[in-house]
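In case you want the letters, here they are:
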Amino acid sequence: MTDWLGVIDACWPAERTVTAGPWRLRVTPGGGGRVNAISGDGDDIDLDLDLDIDRAERTARDLGQRPSFIVLPGQDRLDAALAERGYGITDAVDILTIPVTTLAVGVMPYATAFTIWPPLQIMRDIWAEGGHVGPVRQAVMMRAARPAGILARVDDRAAGAAFVAAHGHVALLSAVEVLARHRRKGLAGTILTAAAHWARAQGCTEVALVVERGNVPARTAYASHGMKCVAGYHYRRPPEEP
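Read on for an overview of the structure. Model, not experiment: these values are computed from the prediction.

A closer look at the overall build of the protein chain
Phase 1: Each helix and strand counted, the protein chain has eight helices and 11 strands in total.
Phase 2: Compactness check: the protein chain gives a C-alpha radius of gyration of 19 Å against a globular reference of 18 Å for 242 residues, within 12% of the reference.
Phase 3: Along the first, second and third principal axes, the C-alpha atoms of the protein chain reach 60 × 35 × 30 Å.
Phase 4: Counting only residues that meet the buried cut, the protein chain has 49% of its 242 residues in that class.
Phase 5: Within the protein chain, contacts between residues separated by at least 24 positions form 71% of all contacts whose residues are at least 6 apart in sequence.
Phase 6: Taken as a whole, the protein chain presents about 11,600 Å² of accessible surface, with 52% of it coming from carbon and sulfur.

Considering the nonpolar core
Phase 1: In terms of nonpolar packing, the biggest core is built from 33 residues, with W127, F163 and Y233 touching the most fellow members.
Phase 2: Those elements that place two or more of their residues in this core are α1 (4-11), β5 (88-99), α5 (121-130), α6 (135-143), β8 (157-167), β9 (170-178), β10 (206-212) and β11 (228-237).
Phase 3: The greatest single-element share of this core, amounting to five residues, is contributed by α1.
Phase 4: Among all residues touching W127, those that are not within four sequence positions of it are P119, H132, V133, Q138, M141, A161, A162, F163, A175 and E177.
Phase 5: Within the second largest apolar cluster, 32 residues are counted, among which are A196, W198, C204 and Y222.

Brief notes about the pattern of salt bridges
Phase 1: For the structure shown, the criterion picks out 12 salt bridges.
Phase 2: Across the pair R24 and D9 runs a salt bridge, and its minimum N-O distance is 3.4 Å. Pair noted here: R24 is in strand β2 (residues 23-27) and D9 is in helix α1, with a separation of 15 residues, a long-range link.
Phase 3: Note that R219 is salt-bridged to D94, the shortest N-O span being 2.7 Å. With R219 in helix α8 (residues 216-224) and D94 in strand β5, this pair connects stretches of sequence that are 125 residues apart.

Some words on the packing of aromatic side chains
Phase 1: If you walk through the whole model with that rule in mind, you get five aromatic pairs.
Phase 2: For the ring pair Y233 and Y235, a centre distance of 5.7 Å and an interplane angle of 70° mean the geometry is edge-to-face.
Phase 3: The buried category is assigned to Y233, whose relative accessible area is 5%.
Phase 4: Taken together, the aromatic side chains of W12, W117 and F163 make up a single cluster linked through ring pairs.

Details of unusual backbone geometry
Phase 1: Cis geometry is found at the peptide bond from W117 to P118, where omega equals 0°.
Phase 2: Despite not being glycine, D156 has its phi angle at roughly 65°, a positive value.
Phase 3: Within the secondary structure, D156 sits in the loop between β7 (147-154) and β8.
Phase 4: Using a relative accessible area of 68% as the deciding quantity, one classes D156 as exposed.
Phase 5: Even without glycine at this site, A175 takes up a positive phi of about 55°.
Phase 6: Tracing the sequence through the fold places A175 in strand β9.
Phase 7: Residue A175 is classed as buried on the basis of its relative accessible area of 16%.

So, the environment of R55
Phase 1: By secondary structure assignment, the location of R55 is in helix α2 (residues 49-62).
Phase 2: Look at R55 and you get partly exposed, because its relative accessible area is 34%.
Phase 3: Separated by 35 residues in sequence, R55 and A20 place their C-alpha atoms 7.2 Å apart.
Phase 4: The contacts of R55, once residues within four sequence positions are left out, are A20, G21 and P22.

Parameters at a glance
- Residues numbered from 1 in each chain as written.
- Predicted model: local features only at pLDDT ≥ 70, side-chain atom pairs only at ≥ 80, totals over all residues.
- Heavy atoms only, no water.
- Helix = DSSP H or I, 4+ residues; strand = E, 2+ residues; numbered from the N terminus.
- Rg over C-alpha atoms; globule rule 2.2 N^0.38 Å.
- Buried < 20%, exposed > 50% of the residue type's maximum accessible area, 1.4 Å probe, protein only.
- Contact = heavy atoms within 4.5 Å.
- Areas by Shrake-Rupley, 256 points an atom, 1.4 Å probe, with all protein chains shown as cover.
- Core = buried A, V, L, I, M, F, W, Y, C linked by side-chain atoms within 4.5 Å.
- Salt bridge = Lys/Arg side-chain N within 4 Å of Asp/Glu carboxyl O.
- Phe/Tyr/Trp six-rings, centres within 6.5 Å; stacked < 30°, edge-to-face > 60°.

In short, shape yes, function no, at least from these values alone.
Right, here's the structure in full:
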């Protein structure tokens, strides 16, 4: 069974991590939820919920963070305990995958996408225009051990950018951004295919990505290319201002 949290941590790494008892706290100021979250190992059978949650909260606040827990499948006791404390579900995500062999067939169509590292300025400009992948998130990419950037083109113009990194048999695709004026031109498929070709060269057998459960347009687009949901998790945060 794939350790999906391990894949995510390797391919989208926090600036630093802190261990507190059974918890792993990720610390990346301004980097988004994935790299500023608390997780426990495996199921929650061995947790002393009151004491251990108190410890996690105290450590997070000492680090200047708002506590944010990743709740994995099988962690029902933790989920219920956090709910009792008033923690709400703020984000729920699914992990979608597709075999590399499904997409990496033949060669990439000429000049439709390029894998490049480090990112070109045009790729940084595309991320900046999209407004979701600023300098802190771009710094996350630079920490990945086996990274690549993807520059996608359509109508003879740079039109999309993405990031992919490999860990074990998985290539994780992140930071997918297509310029608004070039959407609905098949660029999601182009980026996926480019990621699969790069993944095949890295010895990976599947391409994966994390998508918000409520992002219906993205889920529909990825499903149309054959991606399937294989896992998921959600975040719980306390009822306070960030």
